[in-house]
Amino acid sequence: PSTVDAALTGYDCLTDDVTESYVDYYELRVHETTWVDLYLESFDFDAYLMIFDEWDELITEDDDSGDSSDAWITVKLPPGRYYIAATSFDGGEVGNYRLYVE
């Protein structure tokens, strides 16, 4: 398990969708098929999580499955390289967040 404390800022990349939200990407390497829990919480913005495979295909996404406006994903992943996108539901939102990966 790991925890990342970070922030979305105006210097971050923008998502490729119509919201153009600020986004931070994290690489996740899976060595054997396993269940992965991801939880993104923020008191500053409406948290939104996405997981992409190494070919940039969206595997799953979540907006409000966590407490209040937090995002929570539980997914079974085969071995491979994945990318976690920690972002906001609405464009232009910035602020601190915490990402839990178990």
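Everything here concerns the structure above.
Computed from a prediction, not measured in an experiment: that's the story for all the values here.

Caption draft 1: Structural context of the pattern of salt bridges. A complete count under the given rule lists 3 salt bridges for this structure. As a salt-bridge pair, arginine 98 and aspartate 5 come within 2.5 Å of each other at their nearest N and O atoms. On the criterion of sequence distance, the pair formed by arginine 98 in strand 9 (residues 95-101) and aspartate 5 in strand 1 (residues 2-8) is long-range, its members being 93 residues apart. Taking the relative accessible area as the measure of exposure, arginine 98 reaches 32% and is therefore partly exposed. Arginine 29 is the salt-bridge partner of glutamate 27, the closest N and O atoms lying 2.8 Å from each other. On the basis of relative accessible area, arginine 29 is assigned to the exposed category, the value being 52%.

Caption draft 2: Examining the pairing of strand 8 (residues 80-88) more closely. Summarising the sheet, strand 3 (residues 22-30) and strand 8 pair through 8 bridges and their orientation is antiparallel. Bridge pairing in strand 8 places glutamate 27 opposite tyrosine 83. Bridging between strand 5 (residues 47-53) and strand 8 involves 7 bridges; their strand directions are antiparallel. Within the sheet, the bridge partner assigned to leucine 49 lies in strand 8 and is alanine 86.

Caption draft 3: Up close: the nonpolar core. The biggest cluster of nonpolar side chains holds 21 residues, and the ones touching the most others in it are Leu28, Leu38, Leu40 and Leu49. Contributing elements (two or more residues each) for this core: strand 3, strand 4 (34-41), strand 5, strand 7 (71-77), strand 8 and strand 9. Ranked by residues supplied to this core, first place goes to strand 7 with 4 residues. Setting aside residues up to four positions removed in sequence, leucine 40 forms contacts with Ala47, Tyr48, Leu49, Asp70, Ala71, Ala86, Thr87, Tyr97, Arg98 and Leu99. By size, the runner-up hydrophobic cluster in this structure holds 5 residues, among which are Val23, Tyr48, Met50 and Phe52.

Procedures and definitions
Residues numbered from 1 in each chain as written. Predicted model: local features only at pLDDT ≥ 70, side-chain atom pairs only at ≥ 80, totals over all residues. Heavy atoms only, no water. Salt bridge = Lys/Arg side-chain N within 4 Å of Asp/Glu carboxyl O. Helix = DSSP H or I, 4+ residues; strand = E, 2+ residues; numbered from the N terminus. Buried < 20%, exposed > 50% of the residue type's maximum accessible area, 1.4 Å probe, protein only. Pairing = 2+ DSSP bridges. Core = buried A, V, L, I, M, F, W, Y, C linked by side-chain atoms within 4.5 Å. Contact = heavy atoms within 4.5 Å.

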